[in-house]
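Residues per chain are reported as follows:
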Amino acid sequence: MYCLEAGRLEGRFAMPPSKPMAQRLLLASALAEGETVVRGVEWSDDAVAMLRAIQPISVLRVRGSDVVVSRREPDFFRAFSVGESGFTLRTAVALYAGVPGVTAVYFGGTLRGRPIDDLIAVLRKLTEVVKLPGAVVIRGRRLGRFRVEVRADVSSQYISGLMFLAAAGEGGVITPVGERKSWSFVEATADVLRLFGAKVELGDGVAVDGGLRSPGEVDVPGDFSLASYLAVAAVATGGEVELTGRLTKLDATLVDIFRAMGADVSYDGHVVKARGAFTKGVEVDLGGNPDLVMPVALAAAVVDDVSTIRGVEHLRFKESDRIATVADILERLGVEVQYRDGALHIRGPPRRRGVEFKTHGDHRIGLMALAASRIVGGCVDDIGPVAKSWPSAVLYFAAGEINK
Ligand SMILES: O=C(O)C1=C[C@@H](OP(=O)(O)O)[C@@H](O)[C@H](O)C1
Ligand SMILES: C=C(OP(=O)(O)O)C(=O)O
């Protein structure tokens, strides 16, 4: 058990680098002509997973938190593990379908129970793919321009993976089928591919034409989906934090949501400042970015009002079934929570102190539990999963003291 006393959280902290943007920038760099310097990568398990995935097609040089990436003639046989990174698994499996040779992509832990079959079924129309327990083996071949349909209501990473496959080859058109979940991540993929010179159109279909070229040096922006747990803990404990870093489009909406909940939150292009108090419930649809559900749910938990977070159906496909595990954290706090019709209905405030929380093997649930522990006093059973996205988080939560 890792225990924290309740108390004001204050200080100035650097946001961790954006995990989704770091992964996309590294992958695009490995496919691009010319050398790219990706600046400011945190050595999270998922960032390292992406480095392992691109190693067979690129030369990598590491200088502190910067990675210098250049494309090379691909190895014919490649085998690597993506650990528990869903994005790396789905993009690597798709991408290597278009690289002549044979690839074994191993995966483990919580990723063993997460969906991949719909993507494999689509790739089997293009080449041979075998799913083994704990690995996917792909025979890659040079593909012409392709046209496929893929489910959009399970994981947007199927679409992102196929977009990288198209960009690395002769292009392609991907038609999303069903409700478009986590769509902001498809837009993030489009933005990164465009930065590397691809043509991407997001309409009824997703049309990608590649020929990627390095933009030179790129800075990884900040990750407010992660750093926001510090903001929630600060606001909920009467403290104040400054979180330095550039927001991505993915997370910017969180500033508006916290404001709508009464908190005093500002962003000037460099720093997010958060203080005041959460005073009002909120009604919001987070189907476009499910990673924001956990910080919003925790903010909602401290308010004596009803909040409704819609569009959360696909949270059950994450590192844990997050519909159940978010509810578990809230119930342990003594907060009322119900899941109905794809929405979480939450009514605070917490009625318990000195709570024991469970991480359920999930980094974002671990972060939610750390922040909740800081708010009401409590213990977290396992902080190991936090290293998936933000290993240094635990130092930040240990105390404002580290910052003095
Ligand atoms: O593309 C990405 O980088 C991600 C997409 C989302 O997953 P789904 O598209 O599977 O919902 C998100 O939850 C995940 O943390 C990162
Ligand atoms: C679901 C996540 O990532 P991935 O799908 O890449 O494992 C996450 O970071 O919460």
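Residues numbered from 1 in each chain as written. Chains lettered and ligands numbered in written order. Predicted model: local features only at pLDDT ≥ 70, side-chain atom pairs only at ≥ 80, totals over all residues. Heavy atoms only, no water.

Asks: How do you make sense of the domain arrangement of the chain when you look at a structure like this?
Replies: A common way to report how large an interface is uses the accessible area buried once the components associate. By the assigned domains, the chain splits into domain 1 (2-16 + 221-401) and domain 2 (19-210). Placing a centre on the C-alpha atoms of domain 1 and another on those of domain 2 gives a separation of 29 Å. Joining domain 1 to domain 2, the criterion identifies four salt bridges. With a closest N to O distance of 2.7 Å, Lys249 and Asp191 form a salt bridge. Among the elements of the structure, helix H8 (249-260) and helix H11 (363-376) are those that each provide at least two residues to the side of domain 1 that touches domain 2. Among the residues forming the side of domain 1 that touches domain 2, the class breakdown is eight nonpolar, ten polar and eight charged. (Domains from an automatic or database assignment. Salt bridge = Lys/Arg side-chain N within 4 Å of Asp/Glu carboxyl O. Helix = DSSP H or I, 4+ residues; strand = E, 2+ residues; numbered from the N terminus. Nonpolar A, V, L, I, M, F, W, Y, C, P; charged D, E, K, R; others polar.)

Asks: It is not clear to me how the site of ligand 2 should be interpreted in this structure. Could you clarify?
Replies: Lys19, Gly86, Arg114, Arg364 and Lys388 are the nearest of the 14 residues found near ligand 2. Here an oxygen atom of ligand 2 sits 2.7 Å away from a polar atom, N or O, in the main chain of Gly86. Within the side chain of Arg364, a nitrogen or oxygen atom sits 2.6 Å from an oxygen atom of ligand 2. Protein contact buries 96% of the 290 Å² of open area that ligand 2 shows by itself. Those elements that provide at least two residues to the shell around ligand 2 are helix H3 (86-95) and H11. Inspection of the shell around ligand 2 shows a minimum of three residues originating in each of domain 1 (2-16 + 221-401) and domain 2 (19-210). (Near = heavy atom within 4 Å. Polar contact = N/O pair within 3.5 Å; in protein donor to acceptor, adjacent residues only side chain to side chain. Areas by Shrake-Rupley, 256 points an atom, 1.4 Å probe, with all protein chains shown as cover.)

Asks: How should I be thinking about the pairing of strand S20 (residues 336-340) in this particular structure?
Replies: Remember that side chains alternate between the two faces of the sheet whenever the strand is regular. Strand direction decides the pairing type here: S20 and strand S21 (residues 343-347), joined by five bridges, are antiparallel. Looking at the pairing, Tyr339 lines up with Leu344 of S21. Hairpin connection of S20 to S21: two residues between the antiparallel strands, including Asp341 at a positive phi of 50°. (Pairing = 2+ DSSP bridges.)

Asks: Hey, could you run me through the site of ligand 1 in this one?
Replies: Taken together, 14 residues sit near ligand 1, with Ser155, Ser156, Ser182, Asp291 and Lys318 positioned nearest. Interatomic distance of 2.5 Å between a side-chain N/O atom of Lys318 and an oxygen atom of ligand 1. Alone, ligand 1 offers 390 Å² of accessible surface; in the complex the protein occludes 95% of this. Classifying every residue of the shell around ligand 1 gives four nonpolar, five polar and five charged. Both domains that furnish three or more residues to the shell around ligand 1 are identified here as domain 1 (2-16 + 221-401) and domain 2 (19-210).

Asks: Whenever I open this one, the sheet that holds S20 confuses me. Can you help?
Replies: Sheet strands pair by backbone hydrogen bonding; their relative direction is either parallel or antiparallel. Strand order in the open sheet formed by four strands is S18-S19-S21-S20, with mixed pairing between adjacent strands. If you trace the sheet from one side to the other, it starts and ends with strand S18 (283-285) and S20, each paired once. The sheet shows a mean angle of 15° between the axes of neighbouring strands, direction not considered. Where S18 lies against strand S19 (residues 306-310), three bridges are found, and the strand directions are parallel. Residue pairing for S19: Asp285 is matched across the bridge by Arg310. (Axes fitted to C-alpha atoms, helices over the stretch in contact; angles between N-to-C directions.)

Asks: For this particular structure, what's the right way to read unusual backbone geometry?
Replies: Among all residues except glycine, the phi angle is most often negative; among peptide bonds, the trans geometry is most common. Note that the residue after Gly348, namely Pro349, is joined by a cis bond; omega there is 0°. Residue placement: Pro349 occurs in the loop between S21 and strand S22 (355-357). Positive phi is not limited to glycine here, since Ser182 has a value of about 50°. Its location among the elements puts Ser182 in the loop between strand S11 (172-177) and helix H6 (183-195).

Asks: When you look at the UniProt feature "domain: Enolpyruvate transferase" (unreviewed entry) in the chain in this model, what are you seeing that I'm missing?
Replies: Here, UniProt's "domain: Enolpyruvate transferase" (unreviewed entry) annotation points to residues 7-392. Secondary structure across residues 7-392 divides into 32% helix and 27% strand, with the first and last C-alpha atoms of the span separated by 20 Å. (UniProt positions renumbered as here; feature names shortened; annotations may be inferred.)

Asks: What is the right way to read the nonpolar core from this model?
Replies: Most often, soluble globular proteins keep nonpolar side chains buried together rather than apart. Leu123, Ile159, Leu162, Met163, Ile174 and Leu193 are the most contacted members of the largest nonpolar core, which has 72 residues in total. Beyond its immediate sequence surroundings of up to four residues, Met163 is in contact with Ile174, Val186, Thr189, Ala190, Leu193, Val200, Leu202, Val206 and Val208. In this structure, Phe13, Phe278, Leu333 and Ile375 belong to the second largest nonpolar core, which totals 71 residues. (Core = buried A, V, L, I, M, F, W, Y, C linked by side-chain atoms within 4.5 Å. Buried < 20%, exposed > 50% of the residue type's maximum accessible area, 1.4 Å probe, protein only. Contact = heavy atoms within 4.5 Å.)

Asks: Would you explain the sheet that holds strand S4 (residues 58-63) in this entry?
Replies: Strand order in the open sheet formed by four strands is S4-S5-S3-S14, and the pairing between neighbours is mixed. The sheet is open, and its two edges are formed by S4 and strand S14 (217-219), each paired on a single side. For this sheet, the mean inter-axis angle between neighbouring strands, taken without regard to orientation, is 20°. In this structure, strand S3 (residues 36-39) lies alongside strand S5 (residues 66-71), joined through three bridges in antiparallel fashion. Residue pairing for S5: Val38 is matched across the bridge by Val67. Helix H1 (residues 19-31) contacts S3, S4, S5 and S14 of the sheet and is inclined by roughly 30° relative to S5.

Asks: Help me understand helix H10 (residues 322-332), please; the structure alone is not making it clear to me.
Replies: Owing to its 3.6 residues per turn, the α-helix aligns residues three or four sequence positions apart on the same side. For H10, a buried count of eight out of eleven residues is recorded, marking the element as mostly surrounded by other parts of the structure. Turning to H10, its buried residues are Arg322, Ile323, Thr325, Val326, Ala327, Asp328, Ile329 and Leu330. The elements touched by buried residues of H10 are helix H9 (293-301), S20, S21, S22 and H11. Measuring from the side-chain oxygen of the N-cap residue of H10 to the backbone nitrogen of Ile323 gives 3.0 Å; that N-cap residue is Asp321. Positioned one or two residues after H10, Gly334 has a phi angle of 80°, which is positive.

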